[in-house]
Amino acid sequence: MLKDITLGQFFPGNSVIHKLDPRIKIIACISYIVGIFLCKSAVSYALMLVSALLLVLISRLPVKTVLKSIKPILLVLLFTAVLNIFWHSGETVLFSFWRITVYMEGVISAIYMVLRIVSLVIGTSVILTYTTSPIALTDAIERLLSPLRFIKVPVHEFAMMMTIALRFIPTLIEETDKIMNAQKARGSDFSSGSIVARAKALVPVLVPLFISSFRRADELAVAMECRCYRGGEGRTRMTRLHLAARDFVFMLFIAVFIAAVVLINIYMPFFVV
């Protein structure tokens, strides 16, 4: 299960999305999220799914790798769907049992919510984390937040902390998997018993995981000091960011997606919940 978590991982490639300016990727990712939350009708949700699949095809990432990002959130999807089905009221009653009444609007709302979360995870991962290296992401965040330097905000340190935290998610997941396998070899059981018993079984995993995390943080700090790291003051960059024609074309694609969603909600309001 832990090996299926691909959050924060970078998959090198030579696709158009890989070559985009990381600043454009961040702006496009935020815009894409806005477009997803603007979807209201069935047609706009269909367009949302098509756009997510199109991003996967353009990125040339293996479909299996992209689908792995959905597997860890299956419980969240199920919980969200159940909440929308049983707590959403409407006019068309599908069936009623005791004090529980399920409406057609609730089922549609549950389907919409699941599609929204899936498209959100796939789209943002493909646009940003899967196709952008941690170094490029750090430079992009720092450049976008550079105006905040005038009010004495430590932009470089903030960008560095965000990128290091994102970069070490796969490392911590791998470390957790190793610790759990070591505990299983010693007779620990994480899959049976009540919820309380499973939570208590995780204690021998959390303690060495915290110790390992602090050790890695200390080693990283020592390594940065040995390389004379002193923050962003006076630092130069090996690669300078420049906007190209493909960056403007990609932003146009995102803008067309948002405009199409708004127009569809106005002129094609089918199955709006």
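This one's a predicted model, so the numbers in the text were calculated from it and none came from an experiment.

Draft legend 1. Seen up close, the state of the cysteines. For the structure shown, the criterion picks out zero disulfides. Summary of cysteine pairing: Cys-226 is not part of a disulfide, and the nearest cysteine sulfur, belonging to Cys-228, is at 8.4 Å. The class of Cys-226 is exposed, set by a relative accessible area of 59%. What makes Cys-228 exposed here is its relative accessible area of 57%.

Draft legend 2. Molecular detail of the environment of Leu-241. Considering the arrangement of structural elements, one finds Leu-241 in the loop between helix 10 (203-226) and helix 11 (245-267). The sequence separation of Leu-241 and Val-107 amounts to 134 residues, and the corresponding C-alpha distance is 46 Å. With residues up to four places along the chain from it excluded, the contact list for Leu-241 reads Asp-21, Pro-22, Arg-23, Asp-139, Ala-140 and Arg-143.

Draft legend 3. Quick look at the nonpolar core. Counting residues in each nonpolar core, the largest one holds 36 residues, and the members touching the most others are Tyr-32, Leu-55, Ile-122, Val-126, Ile-127 and Phe-250. Among the elements that take part in this core, helix 6 (residues 104-129) stands out by supplying nine residues, more than any other. If near-sequence neighbours (up to four positions away) are discounted, Tyr-32 is found in contact with Met-48, Ser-51, Ala-52, Leu-55, Ser-119, Gly-123, Ile-127, Ile-254 and Phe-257. Residues Met-180, Phe-190, Ala-201 and Leu-209 belong to the second largest nonpolar core, which totals six residues.

Draft legend 4. Representation of the packing of helix 3 (residues 42-59) against helix 6 in the model. At a minimum axis separation of 9 Å, helix 3 and helix 6 run at an interaxial angle of 25°. Considering their axes alone, helix 3 and helix 6 lie roughly parallel with respect to each other. When the axes of helix 3 and helix 6 are compared, the crossing they make is left-handed. On helix 6, the residues that touch Ala-42, Tyr-45, Met-48, Leu-49, Ala-52, Leu-55, Val-56 and Ser-59 of helix 3 are Tyr-112, Leu-115, Arg-116, Ser-119, Ile-122, Gly-123, Val-126 and Ile-127.

Draft legend 5. Here's a closer look at the packing of aromatic side chains. Evaluation of the coordinates by the stated rule reveals four aromatic pairs. Seen from their ring centres, Phe-11 and Tyr-130 are 5.2 Å apart, and the 85° between their planes marks the pair as edge-to-face. Of this pair, Phe-11 sits in the segment before helix 1 (16-19) while Tyr-130 sits in the loop between helix 6 and helix 7 (134-144), placing them 119 residues apart in sequence. Residue classification places Tyr-130 among the buried positions, given a relative accessible area of 1%.

Draft legend 6. Layout of the pairing of strand 2 (residues 100-103). Of the strand pairs in this sheet, strand 1 (residues 93-97) and strand 2 are connected by four bridges, and their pairing is antiparallel. Residue pairing across strands places Phe-95 opposite Val-102, the latter belonging to strand 2. Between the antiparallel neighbours strand 1 and strand 2 lie two residues, among them Trp-98 with a positive phi of about 55°.

Draft legend 7. Highlighting the pattern of salt bridges. All told, the structure shown has four salt bridges when counted by the stated rule. One salt bridge connects Glu-174 with Lys-178, and the closest N-O pair in it is separated by 3.7 Å. Here Lys-178 and Glu-174 lie together in helix 8 (residues 155-185), a separation of four residues that amounts to about one turn. A salt bridge links Glu-175 to Arg-216, with the shortest nitrogen-to-oxygen separation between them at 3.1 Å. Pair noted here: Glu-175 is in helix 8 and Arg-216 is in helix 10, with a separation of 41 residues, a long-range link.

The rules behind these values
Residues numbered from 1 in each chain as written. Predicted model: local features only at pLDDT ≥ 70, side-chain atom pairs only at ≥ 80, totals over all residues. Heavy atoms only, no water. Disulfide = S-S within 2.5 Å. Buried < 20%, exposed > 50% of the residue type's maximum accessible area, 1.4 Å probe, protein only. Helix = DSSP H or I, 4+ residues; strand = E, 2+ residues; numbered from the N terminus. Contact = heavy atoms within 4.5 Å. Core = buried A, V, L, I, M, F, W, Y, C linked by side-chain atoms within 4.5 Å. Axes fitted to C-alpha atoms, helices over the stretch in contact; angles between N-to-C directions. Parallel < 35°, antiparallel > 145°, perpendicular 65-115°, else oblique. Left-handed = near helix turned anticlockwise from the far one by under 90°. Phe/Tyr/Trp six-rings, centres within 6.5 Å; stacked < 30°, edge-to-face > 60°. Pairing = 2+ DSSP bridges. Salt bridge = Lys/Arg side-chain N within 4 Å of Asp/Glu carboxyl O.

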